[in-house]
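# Structural overview for review
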Amino acid sequence: MIRNTSFHSRPAVLLLPLLGLTSLQAEAAYRYYRFDPFALAQGGTVIQLSEFQFFHNGSMLNLVADNLELSPKPAVGQDGTNTDMVPVIVTGGERATTDGEGALKIVDGSTSTKWLTSITADGGAARYLSFDFGSEVEIDGYNFATGGDTATFPNRNPISWRLEGSNDGTTWTILDRQLDYPTVAANSTFESGFTATGTFAPSIWAFELEPDSPLIVRDGEPVYFTWDTWDEDLDYPDEISIAPSISSQPLDTVDFDVAVRPPADADTTYTLTATKGGLSATRSLVVRSVVGGSASHPFYRFTPIATRNRVGEVQMSEFRFFHQGAALNLTAANAVPAQVTGSNGTDIDLVPVTVTNPGGSNDPNADNGAVRLVDGYTSEMPGGEGFVPSRFADAGGRPVVFEFNEAVTIDGYQFATTDGSINSDPVRWILEGSDDGTSWTLIDNVTAFDYPVTETRNADTQAFPLPGSSLKQDIVTVPPFTWTAETGDYATAANWSTGTVPGELDPVEIATGAATLNANLTRTATTAVSGEGSLTVNGRLINRGTLTVSGGTLTQAGNYFLVGSGGVGTLFHTGGRIVSTHDRGWFLSDNEAGAGSRYLMSGSAVLEVNSTGEGNTLYNVHLGKGGDGDLFRITGGSATFTSTADNNVWLSRASTFLVAGGTVNVVDYSSFTVGHEGTGGNLLHVTGGTLDLGSTPLRVGEGTDGAVVLEGGSLLCDQSVTVGTETAGGSFTMSGGTLEAADLTAGAMGTFEFTGGVITLQGDKSGLPGESWFTAVAGTQAVYSPGSDTTTISVGDGTPSEFAAWAASFSLTGALAEEDADHDGIANIVEFGLNGSPVTAASRGIHQVVKDGNEGVLTAAIRQGAVFSADGTSLVAEIDGVRYRVEASTNLVDWSAQVVEVVPAASDGVATPDGAWELRSFRLDGGGANGFIRIRISETP
């Protein structure tokens, strides 16, 4: 039998039973008392408490620390006075008692200080908080207060503990025991108090189904119960019972594999009761029996209604349909590349199906896309040079739609867990069928209770039979905590629809009114701000679930804004405004458990991030701070990041910053670095919209590899764009859009590939296409404009220019127009224009003065087909990337004499040009005038 791991389930931190434990009858008084917290919330291993109090006859003892190491001794006791002070020596924890978070802080009368320790240190002994009064002191109650940052670290709260007394420090008597107590998850808050009578109810170790037993069965089929009522402090109970009764005989305190046939066509709650010393404990289990049936549709839709612990993200690794006991061998018709085998691992009897997740957070073929549900892999699938996770994940818990080519008959279905968090397992859901993909019919409804999905990772659930006529029509949703006040304190119970303050695992909706929390806020369940609602957090905002802002305002001011921490977080921002002013970090993930967190921005959303911290590496906007795969995506709206200190925007650990629409402004950061730390894979991807970095320089690859892909839209930077360093690779691929920057440079490991779009740089950068790290398609031109002091680089059509083809014919591929390959003092472009040779100094092109009658004319080889036109007194022609300008002068100073072309050209004694050139002749106008004539040749702009 596999037992759970806490007392409602077995404790997450398993500790050995205490030695020297005596009977459970409390004495009148003890010299020694100790608090033994053996399990913490959410499986934590570090406990913190700010105060611990003892009571007698309703009055609090005014404790005052009397430890020898404490000097000077306190002048007042725990209640702030020196009246009736009760000296006590306080010890416990892994640090010195006088430490800033040592044991003496537990009785200093202030909830602003705290005791903090690991409960596993020193072999588990560090968990004890011990009190030595020097002589017997009688108590009948106790209480404690949570730590000052419990809202941030709720896993530091004790949930299961003992209070014990002793007169010799060796033999201990249990005065109170609490199991799975719902400790308040608020900062510096006292509990309601506890009695210390020495009597308490027994616990039930386990009451559950056998691991291979289904919970939902067809009528007449059995389920298999197992239970264990042993209590490590009380031993076995005096008696146990199960209602409704499953046997006419007395039940054993421990039993396994007990077959029970539940009532037909019903949900039945079985309750086990264990009694010891007149006190009882209960555990319940729901089972369902159905008539059974089938459905036949071309469309099926699976919709998660709730996940374990009510987080927003849903994960599954596989989904199967059954007919007559056999699983259909599904293959995703929309998989890219196409599936070779089906969901059962073979290519036999394949059933094509298109699997989608409408409105979901991932493309169907993405790493966490819907097609992964039918690929046949429950853990990893082959990919790249090894294996990659195979799972479906959707941050918002949206439906999965299966579209077959024709109606498919099913009578059951099944899904499998992933290797991710158990909190993302669906525990309530519905299944629907449709004949047209528009009108849907309910065919199964598991929402009346939380189905106990196995906590084993990469494991199948039971095969769920369709209920047939047993179908439950009422879909039971988990009601959210809805804000009902006009304005008020988030932590005030009366402001919520439930009359209680929502905990971390409770869904929250704020559609009207304004809620303010002057403390840190941690959210694991879904959180929604919409309409005219407003949520203000004056502290840290820590999200590890799904946070949706579709309207209204979310304002945060404090140390951190964490989209994911201690779990994968997703923020859907489709409207409304989010304003974050952080003096430490704005992170998508803050630890490995938050890896792959996402901020998805669209519609009319407005995001304002203000970074104010200085002097610490945490004080940054950081994607990939905690783990791999973070994503910031904007397809609409506007985001503005502003720094008023020495802050950076960093992309680390395979994170992606995607701009596909809308506008992003980055103001006054020290850098926008793609590739800060980790193992690479970082990407800035611009396909539309505008990313304006302003005065923030862009660094592509610094501490680790990074890449920029510009396919559309605009990337603007008033500073330099640097690609790669001596030690980190950087790549910039541009196939479209606009890049405007002050400069574009590359380190030893940097490359720039230019195949489309337009680049505008400050200054004369016309030589940049000739750099070894810059590659471009043939015909790319870099033109410097002196008037604007800018260089524009535009891509060619892939066909080499006439100049480039000519240079290549001399083995000078990539030669620049202004270069002088043969060092003859004549630029390459001039030799090209006059039919010269760029590799022979003696060949400077065809141009000479020829006598035409009584006049001298200049005859030169000009590109075939050039058309000259007047430009003032000069003649100008542009052809094949060459600009000819023929000018005349009478004094070699003023070149404004009139020039005319002589037709036909005077060719006596002039070399015959190659086929792409022809001879053309020019003279001064005026018949017989003396003077000078010249041809100026340059590259066309």
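The present account deals with the structure reproduced in this document. (Residues numbered from 1 in each chain as written. Predicted model: local features only at pLDDT ≥ 70, side-chain atom pairs only at ≥ 80, totals over all residues. Heavy atoms only, no water.)

### Brief notes about the overall build of the protein
Of the regular secondary structure elements, the protein holds two helices and 69 strands. In terms of principal-axis extent, the alpha carbons of the protein reach across some 140 × 80 × 50 Å. Out of the 941 residues in the protein, the part that is buried amounts to 49%. Long-range contacts, defined here as pairs at least 24 residues apart, represent 65% of the contacts in the protein between residues at least 6 apart. Summed over all atoms, the accessible surface of the protein reaches about 37700 Å², with 48% contributed by carbon and sulfur. (Helix = DSSP H or I, 4+ residues; strand = E, 2+ residues; numbered from the N terminus. Buried < 20%, exposed > 50% of the residue type's maximum accessible area, 1.4 Å probe, protein only. Contact = heavy atoms within 4.5 Å. Areas by Shrake-Rupley, 256 points an atom, 1.4 Å probe, with all protein chains shown as cover.)

### Some thoughts on helix α1 (residues 802–809)
For α1, every residue scored as buried is listed here: Phe-803, Trp-806 and Ala-807. The arc that holds the buried residues of α1, viewed along the axis, is 100°, so those residues lie on one side. Summarising the contacts, the buried residues of α1 are in contact with α2 (828–833) and β68 (917–924). Directly after α1, the chain includes Ser-811, whose backbone phi takes a positive value near 60°. (Arc of directions from axis to C-beta.)

### Concerning the sheet that holds strand β4 (residues 62–65)
Spatially, six strands are ordered β4-β5-β7-β1-β9-β10 in an open sheet, and the strand pairing comes out mixed. Two strands in the sheet have a free side with no partner beyond their single neighbour: β4 and β10 (173–178). When the angles between neighbouring strand axes are averaged without regard to direction, this sheet yields 30°. With five bridges joining them, strand β1 (residues 30–40) and strand β7 (residues 129–137) adopt antiparallel strand pairing. Its bridge partner lying in β7, Arg-34 is registered against Ser-130. (Pairing = 2+ DSSP bridges. Axes fitted to C-alpha atoms, helices over the stretch in contact; angles between N-to-C directions.)

### Brief notes about the side chain of Gln-315
On the secondary structure map, Gln-315 appears in strand β20 (residues 314–316). Within the local environment of Gln-315, its side chain forms a polar contact with the side chain of Glu-313, the two groups lying 3.1 Å apart. Here Thr-418 takes part through its side chain, which lies 2.8 Å from a polar atom of the side chain of Gln-315. Beyond its immediate stretch of four places on either side in the chain, Gln-315 contacts Arg-391, Phe-392, Ala-393, Thr-418, Gly-420, Ser-424, Asp-425 and Pro-426. (Polar contact = N/O pair within 3.5 Å; in protein donor to acceptor, adjacent residues only side chain to side chain.)

### Section: unusual backbone geometry
Backbone torsion omega between Ala-243 and Pro-244 reads -5°, so that peptide bond is classified as cis. Within the fold, Pro-244 resides in the loop between β15 (239–243) and β16 (254–260). One non-glycine residue, Gln-42, lies in positive phi territory at about 55°. Its identity as a non-glycine residue notwithstanding, Ala-654 has a phi of 60°, on the positive side.

### With respect to the side chain of Thr-226
In this structure, Thr-226 sits in strand β14 (residues 223–228). Of the residues examined, Thr-226 reaches a relative accessible area of 0% and is grouped as buried. Engagement of the side chain of Thr-226 in a polar contact is seen with the backbone oxygen of Asp-255, the distance being 3.1 Å.

### Describing a negative patch on the surface
A surface patch of negative charge is lined by Asp-764, Asp-789, Glu-818, Glu-819 and Glu-939. Position of Glu-819 relative to the elements: it lies in the loop between α1 and α2. Looking at Glu-819, the relative accessible area reads 36%, which means it is partly exposed. (Patch = residues over 30% accessible without salt bridge, like charges linked within 9 Å, V, L, I, M, F, W, Y side chains within 5 Å. Salt bridge = Lys/Arg side-chain N within 4 Å of Asp/Glu carboxyl O. Lys, Arg positive; Asp, Glu negative; His and termini not counted. Charge placed at Lys NZ, Arg CZ, Asp CG, Glu CD.)

### Here we look at the pattern of salt bridges
Summed over the entire model, instances satisfying the criterion amount to 36 salt bridges. Among the salt bridges present, the one from Arg-301 reaches Glu-432, with a minimum N-O distance of 2.9 Å. Of this pair, Arg-301 sits in strand β19 (residues 295–307) while Glu-432 sits in strand β30 (residues 426–434), and the two are 131 residues apart along the sequence. Between Arg-457 and Asp-425 there is a salt bridge; the shortest N-O distance is 2.6 Å. A residue pair is termed long-range when its members are at least 10 positions apart, and Arg-457 in the loop between β31 (441–446) and β32 (464–465) and Asp-425 in the loop between β29 (412–416) and β30 qualify at 32 residues. Note on Arg-457: relative accessible area 22%, which makes it partly exposed. For Asp-425, a relative accessible area of 1% puts it in the buried group.

### Some remarks on the environment of Ala-821
Of note, Ala-821 is situated in the loop between α1 and α2. Ala-821 gets classed as partly exposed once you look at its relative accessible area, which sits at 34%. Taking the C-alpha atoms as reference points, Ala-821 and Arg-261, 560 residues apart in sequence, are found 94 Å from one another. Once you skip the residues sitting within four places of it in the chain, Ala-821 turns out to touch Leu-812, Asn-828 and Pro-838.

### Side note on the packing of aromatic side chains
Enumeration according to the criterion identifies 59 aromatic pairs in this entry. The interplanar angle of 65° and the centroid separation of 6.1 Å between the aromatic rings of Phe-321 and Phe-404 together place this pair among those described as edge-to-face. On the criterion of sequence distance, the pair formed by Phe-321 in strand β21 (residues 318–323) and Phe-404 in strand β28 (residues 400–410) is long-range, its members being 83 residues apart. When its relative accessible area of 0% is taken as the criterion, Phe-321 is described as buried. Here a set of aromatic residues connected by ring pairs shows up, and it is made of Tyr-30, Tyr-33, Phe-35, Phe-52, Phe-54, Phe-131, Phe-133, Tyr-142, Phe-144, Trp-161, Tyr-181 and Phe-194. (Phe/Tyr/Trp six-rings, centres within 6.5 Å; stacked < 30°, edge-to-face > 60°.)

### A short note on the nonpolar core
Grouped together as the largest cluster of nonpolar side chains are 70 residues, with contacts concentrated most on Phe-632, Phe-641 and Phe-732. A total of five residues in this core trace back to one element, the largest contributor, which is strand β57 (residues 730–746). If near-sequence neighbours (up to four positions away) are discounted, Phe-632 is found in contact with Trp-586, Leu-588, Tyr-599, Met-601, Leu-607, Leu-623, Ala-639, Phe-641, Thr-656, Phe-657 and Leu-658. Counting 54 residues, the second-largest nonpolar core is a separate cluster that includes Leu-285, Ala-370, Val-371 and Trp-429. (Core = buried A, V, L, I, M, F, W, Y, C linked by side-chain atoms within 4.5 Å.)

### Describing the sheet that holds strand β62 (residues 847–852)
Within the open sheet, the four strands sit side by side as β62-β63-β68-β67. Their pairing is antiparallel. Across the chains shown, the open sheet's two edge strands, defined by having one partner strand only, are β62 and β67 (899–902). With strand direction ignored, the average angle separating the axes of adjacent strands in the sheet is 40°. Relative to strand β63 (residues 855–863), β62 is paired through six bridges, and the arrangement is antiparallel. Bridge pairing links Val-849 to Leu-858 in β63.

### Topic: the pairing of β15
Here β15 shows a clear split, with Ile-240 and Ile-242 buried on one side and none of Glu-239, Ser-241 and Ala-243 buried on the other. As judged from the five bridges shared by β15 and strand β17 (residues 266–276), these two strands associate in the antiparallel manner. Opposite Glu-239, over in β17, you have Thr-275 as the bridge partner.

### A few points about the pairing of β57
Of the pairings in the sheet, the one linking strand β55 (residues 706–710) to β57 comprises five bridges and is parallel in character. Paired with Gly-706 across the two strands is Gly-730, which belongs to β57. Here eight bridges tie strand β56 (residues 714–723) to β57, and the two strands are oriented parallel to one another. Residue pairing for β57: Val-721 is matched across the bridge by Leu-744.

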